[in-house]
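Take a look at the letters that make up each chain.
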Amino acid sequence: MSLQASVYTLISSISAVPVIFANQNGPQPAAPFIAIGLMGGSAQDIHIGATSAEGVRTLDAHRTTTVSLRCFGDGCFDALDALALKLETEAALTMADSLNLAIVGKESLQYAPQLIDGTAWEPVAVLDVFVASTGHASENVGYIATVEVGGSADGKDIEQQVISL
(Lines give C-alpha, C1' and ligand atoms only; values in the text may rest on other atoms or scores of the structure.)
Protein backbone atom coordinates (compact mmCIF):
# COMPACT_ATOMS: atom_id res chain seq x y z
CA MET A 1 0.00 0.00 0.00
CA SER A 2 1.33 3.47 -0.83
CA LEU A 3 2.24 5.98 1.86
CA GLN A 4 -0.63 8.21 0.74
CA ALA A 5 -3.15 5.34 0.98
CA SER A 6 -1.80 4.26 4.37
CA VAL A 7 -2.08 7.78 5.82
CA TYR A 8 -5.61 8.16 4.45
CA THR A 9 -6.67 4.79 5.89
CA LEU A 10 -5.36 5.71 9.34
CA ILE A 11 -6.73 9.25 9.52
CA SER A 12 -10.14 8.44 8.03
CA SER A 13 -10.58 5.49 10.40
CA ILE A 14 -10.27 7.65 13.53
CA SER A 15 -11.81 10.90 12.31
CA ALA A 16 -15.31 11.89 13.31
CA VAL A 17 -15.62 14.05 10.17
CA PRO A 18 -15.11 13.26 6.45
CA VAL A 19 -11.51 13.18 5.18
CA ILE A 20 -10.25 14.16 1.72
CA PHE A 21 -6.87 14.92 0.18
CA ALA A 22 -5.91 18.57 -0.16
CA ASN A 23 -5.36 20.19 -3.55
CA GLN A 24 -7.44 17.70 -5.53
CA ASN A 25 -10.04 18.34 -8.19
CA GLY A 26 -13.53 17.27 -7.25
CA PRO A 27 -16.28 18.12 -4.84
CA GLN A 28 -15.53 18.69 -1.19
CA PRO A 29 -17.83 17.41 1.52
CA ALA A 30 -19.97 19.66 3.67
CA ALA A 31 -18.07 21.25 6.55
CA PRO A 32 -16.66 20.22 8.87
CA PHE A 33 -14.15 18.07 7.01
CA ILE A 34 -10.41 17.39 7.09
CA ALA A 35 -8.05 17.84 4.15
CA ILE A 36 -4.81 15.81 4.26
CA GLY A 37 -1.63 17.21 2.76
CA LEU A 38 1.58 15.19 2.64
CA MET A 39 4.58 17.45 3.06
CA GLY A 40 8.07 16.26 2.12
CA GLY A 41 9.29 12.92 3.29
CA SER A 42 12.97 12.98 4.23
CA ALA A 43 14.66 9.72 3.30
CA GLN A 44 17.30 8.49 5.67
CA ASP A 45 20.35 6.44 4.72
CA ILE A 46 19.61 3.31 2.73
CA HIS A 47 20.37 -0.16 4.06
CA ILE A 48 21.45 -2.51 1.28
CA GLY A 49 20.74 -6.11 2.24
CA ALA A 50 22.66 -9.24 1.37
CA THR A 51 22.21 -10.78 -2.09
CA SER A 52 20.04 -13.90 -2.01
CA ALA A 53 20.94 -17.19 -3.70
CA GLU A 54 18.73 -16.07 -6.60
CA GLY A 55 20.77 -12.85 -7.07
CA VAL A 56 18.19 -10.49 -5.56
CA ARG A 57 19.04 -7.90 -2.93
CA THR A 58 16.76 -5.60 -1.00
CA LEU A 59 17.14 -1.94 -0.18
CA ASP A 60 15.34 -0.38 2.79
CA ALA A 61 15.10 3.25 3.87
CA HIS A 62 13.32 4.90 6.75
CA ARG A 63 11.66 8.24 6.09
CA THR A 64 9.73 10.79 8.08
CA THR A 65 6.84 12.63 6.46
CA THR A 66 4.82 15.59 7.72
CA VAL A 67 1.09 14.98 7.42
CA SER A 68 -0.66 18.35 7.47
CA LEU A 69 -4.27 18.10 8.61
CA ARG A 70 -6.49 21.11 7.95
CA CYS A 71 -10.01 20.98 9.28
CA PHE A 72 -12.58 23.39 7.85
CA GLY A 73 -15.93 24.50 9.31
CA ASP A 74 -17.60 24.93 12.66
CA GLY A 75 -16.12 22.64 15.29
CA CYS A 76 -12.84 22.30 13.38
CA PHE A 77 -10.60 22.86 16.40
CA ASP A 78 -12.45 20.28 18.49
CA ALA A 79 -12.46 17.76 15.62
CA LEU A 80 -8.66 17.94 15.26
CA ASP A 81 -8.17 17.95 19.03
CA ALA A 82 -10.17 14.71 19.27
CA LEU A 83 -8.24 13.21 16.36
CA ALA A 84 -4.89 14.10 18.01
CA LEU A 85 -6.00 12.25 21.15
CA LYS A 86 -7.22 9.23 19.17
CA LEU A 87 -3.81 8.97 17.48
CA GLU A 88 -2.45 7.95 20.90
CA THR A 89 -4.92 5.10 21.45
CA GLU A 90 -3.80 1.50 21.30
CA ALA A 91 -6.20 0.84 18.42
CA ALA A 92 -4.74 3.68 16.32
CA LEU A 93 -1.15 2.70 17.09
CA THR A 94 -1.87 -0.93 16.19
CA MET A 95 -3.49 0.14 12.92
CA ALA A 96 -0.59 2.48 12.14
CA ASP A 97 1.85 -0.37 12.70
CA SER A 98 -0.11 -2.62 10.34
CA LEU A 99 0.06 0.15 7.71
CA ASN A 100 3.88 0.52 8.01
CA LEU A 101 3.49 3.82 9.88
CA ALA A 102 4.72 5.09 13.22
CA ILE A 103 3.42 8.30 14.79
CA VAL A 104 6.60 10.06 15.86
CA GLY A 105 5.34 13.52 16.84
CA LYS A 106 2.83 16.31 16.47
CA GLU A 107 2.99 20.09 16.27
CA SER A 108 0.70 22.27 18.36
CA LEU A 109 -2.91 22.41 17.22
CA GLN A 110 -3.60 25.86 15.80
CA TYR A 111 -6.76 27.80 15.08
CA ALA A 112 -6.13 29.64 11.79
CA PRO A 113 -9.36 31.03 10.30
CA GLN A 114 -9.14 32.29 6.73
CA LEU A 115 -10.88 35.17 5.03
CA ILE A 116 -13.19 34.16 2.18
CA ASP A 117 -13.97 36.66 -0.58
CA GLY A 118 -12.69 39.47 1.66
CA THR A 119 -15.92 39.49 3.66
CA ALA A 120 -16.44 36.33 5.73
CA TRP A 121 -14.19 34.24 7.93
CA GLU A 122 -14.11 30.46 7.60
CA PRO A 123 -13.11 28.49 10.70
CA VAL A 124 -9.94 26.49 10.06
CA ALA A 125 -7.74 24.45 12.40
CA VAL A 126 -4.35 22.96 11.53
CA LEU A 127 -2.47 20.01 13.02
CA ASP A 128 0.80 18.64 11.65
CA VAL A 129 1.54 15.00 12.47
CA PHE A 130 4.91 13.39 11.81
CA VAL A 131 4.84 9.78 10.63
CA ALA A 132 7.73 7.45 9.95
CA SER A 133 7.59 4.66 7.41
CA THR A 134 9.97 2.28 5.72
CA GLY A 135 10.35 2.10 1.96
CA HIS A 136 11.44 -1.10 0.29
CA ALA A 137 12.87 -1.94 -3.12
CA SER A 138 14.61 -4.94 -4.57
CA GLU A 139 16.79 -5.52 -7.59
CA ASN A 140 18.18 -8.50 -9.38
CA VAL A 141 21.92 -7.91 -9.39
CA GLY A 142 22.70 -11.48 -10.40
CA TYR A 143 25.53 -13.53 -8.98
CA ILE A 144 28.59 -15.42 -10.13
CA ALA A 145 27.99 -19.16 -9.93
CA THR A 146 31.35 -20.40 -11.25
CA VAL A 147 34.80 -19.05 -12.01
CA GLU A 148 37.14 -20.68 -14.52
CA VAL A 149 40.83 -20.18 -13.86
CA GLY A 150 43.49 -21.08 -16.43
CA GLY A 151 46.10 -19.70 -18.79
CA SER A 152 49.80 -19.17 -18.44
CA ALA A 153 52.17 -17.13 -16.37
CA ASP A 154 55.87 -16.66 -17.02
CA GLY A 155 55.64 -19.14 -19.89
CA LYS A 156 54.25 -21.93 -17.74
CA ASP A 157 50.78 -23.29 -18.34
CA ILE A 158 48.35 -23.17 -15.45
CA GLU A 159 45.94 -26.06 -15.22
CA GLN A 160 42.39 -24.95 -15.89
CA GLN A 161 40.13 -25.20 -12.86
CA VAL A 162 36.47 -24.54 -12.32
CA ILE A 163 35.50 -23.12 -8.96
CA SER A 164 31.85 -23.28 -7.97
CA LEU A 165 30.64 -20.63 -5.58
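Everything quoted here is computed from the prediction, not taken from an experiment.

Colleague: Hey, could you run me through the overall build of the chain in this one?
Modeller: The helix and strand tally for the chain stands at 3 helices and 10 strands. In the chain, the order of α-helices and β-strands from amino to carboxyl end is α-β-β-β-α-α-β-β-β-β-β-β-β. For 165 residues, the compact-globule formula gives about 15 Å, and the C-alpha radius of gyration of the chain, at 26 Å, lies well above that figure. A principal-axis box enclosing the C-alpha atoms of the chain has dimensions of 95 × 35 × 25 Å. Here the contacts in the chain between residues at least 6 apart in sequence split such that 60% fall between residues at least 24 apart. With an accessible surface of roughly 10300 Å², the chain has 52% of that area assigned to carbon and sulfur atoms. Computing the positive centroid from 6 side-chain charges and the negative centroid from 18, the chain places the two 1 Å apart.

Colleague: Before we go on, may I ask you to explain the nonpolar core in this structure?
Modeller: Soluble globular proteins: nonpolar side chains tend toward being buried together. Core analysis: the biggest nonpolar cluster contains 27 residues, and Val7, Ile11, Ile34, Ile36, Leu69 and Leu101 have the highest contact counts within it. Broken down by secondary-structure element, the contributors of at least two residues to this core are α1 (3-14), β1 (19-21), β2 (33-48), β3 (56-72), α2 (76-86), α3 (90-98) and β8 (124-140).

Colleague: What is the right way to look at the side chain of Thr134 in this model?
Modeller: By secondary structure assignment, the location of Thr134 is in strand β8. Here His62 takes part through its side chain, which lies 3.0 Å from a polar atom of the side chain of Thr134.

Colleague: Would you explain the packing of aromatic side chains in this entry?
Modeller: What characterises a pair of aromatic rings is the spacing of the ring centres plus the angle enclosed by the ring planes. For the structure on display, the rule yields 2 aromatic pairs. When the ring of Phe33 is compared with that of Phe72, the centres are 5.2 Å apart and the planes differ by 25 degrees; the resulting orientation is stacked. One end of the pair, Phe33, is in strand β2; the other, Phe72, is in strand β3, and 39 residues separate them in sequence. The pair Phe33 / Phe72 is uniform in exposure class, with both members buried.

Colleague: Is there a simple way to think about a nonpolar patch on the surface in this case?
Modeller: A cluster of nonpolar side chains, contributed by Ile144, Val147, Val149 and Ile163, occupies part of the molecular surface with about 310 Å² of accessible area. Along the chain, the position of Val147 falls in strand β9 (residues 146-153).

Colleague: When you look at the environment of Ser12 in this model, what are you seeing that I'm missing?
Modeller: As for its position among the elements, Ser12 is in helix α1. Of the polar contacts made by the side chain of Ser12, one reaches the backbone oxygen of Tyr8; its length is 2.7 Å.

Colleague: So what exactly am I meant to see when it comes to unusual backbone geometry here?
Modeller: Peptide bonds are trans in most cases, and residues, glycine excluded, mostly fall at negative phi. Cis geometry marks the peptide bond from Ala31 to Pro32, where omega comes out at 0 degrees. With respect to the helices and strands, Pro32 occurs in the loop between β1 and β2. Residues other than glycine seldom take positive phi values, yet Asn23 does so here, at roughly 55 degrees. Structurally, Asn23 is set in the loop between β1 and β2.

Colleague: Please clarify how the packing of α1 against α3 should be interpreted in this entry.
Modeller: When two helices pack together, their arrangement is given by the angle between the helix axes and by the axis-to-axis distance. At a minimum axis distance of 10 Å, the contact between α1 and α3 shows a crossing angle of 165 degrees. Taken as axis vectors, α1 and α3 run roughly antiparallel relative to one another. In the crossing of α1 with α3, the sense of the turn from one axis to the other is right-handed. On α3, the residues touching Thr9, Leu10, Ser13 and Ile14 of α1 are Ala92, Met95 and Ala96. Taken together, the residues that form the contact of α1 with α3 break down as 5 nonpolar, 2 polar and no charged.

Colleague: How should I be thinking about the state of the cysteines in this particular structure?
Modeller: Should the sulfur atoms of two cysteines be covalently bonded, the bond is a disulfide. According to the stated counting rule, one finds 0 disulfides in the structure shown. Of the cysteine sulfurs around Cys71, a residue in no disulfide, the closest is that of Cys76, at 5.4 Å. Assessed through its relative accessible area of 0%, Cys71 is described here as buried. Classification of Cys76 by relative accessible area gives buried; the value is 2%.

Analysis parameters
Residues numbered from 1 in each chain as written. Predicted model: local features only at pLDDT ≥ 70, side-chain atom pairs only at ≥ 80, totals over all residues. Heavy atoms only, no water. Helix = DSSP H or I, 4+ residues; strand = E, 2+ residues; numbered from the N terminus. Rg over C-alpha atoms; globule rule 2.2 N^0.38 Å. Contact = heavy atoms within 4.5 Å. Areas by Shrake-Rupley, 256 points an atom, 1.4 Å probe, with all protein chains shown as cover. Lys, Arg positive; Asp, Glu negative; His and termini not counted. Charge placed at Lys NZ, Arg CZ, Asp CG, Glu CD. Core = buried A, V, L, I, M, F, W, Y, C linked by side-chain atoms within 4.5 Å. Buried < 20%, exposed > 50% of the residue type's maximum accessible area, 1.4 Å probe, protein only. Polar contact = N/O pair within 3.5 Å; in protein donor to acceptor, adjacent residues only side chain to side chain. Phe/Tyr/Trp six-rings, centres within 6.5 Å; stacked < 30°, edge-to-face > 60°. Patch = residues over 30% accessible without salt bridge, like charges linked within 9 Å, V, L, I, M, F, W, Y side chains within 5 Å. Salt bridge = Lys/Arg side-chain N within 4 Å of Asp/Glu carboxyl O. Axes fitted to C-alpha atoms, helices over the stretch in contact; angles between N-to-C directions. Parallel < 35°, antiparallel > 145°, perpendicular 65-115°, else oblique. Left-handed = near helix turned anticlockwise from the far one by under 90°. Nonpolar A, V, L, I, M, F, W, Y, C, P; charged D, E, K, R; others polar. Disulfide = S-S within 2.5 Å.

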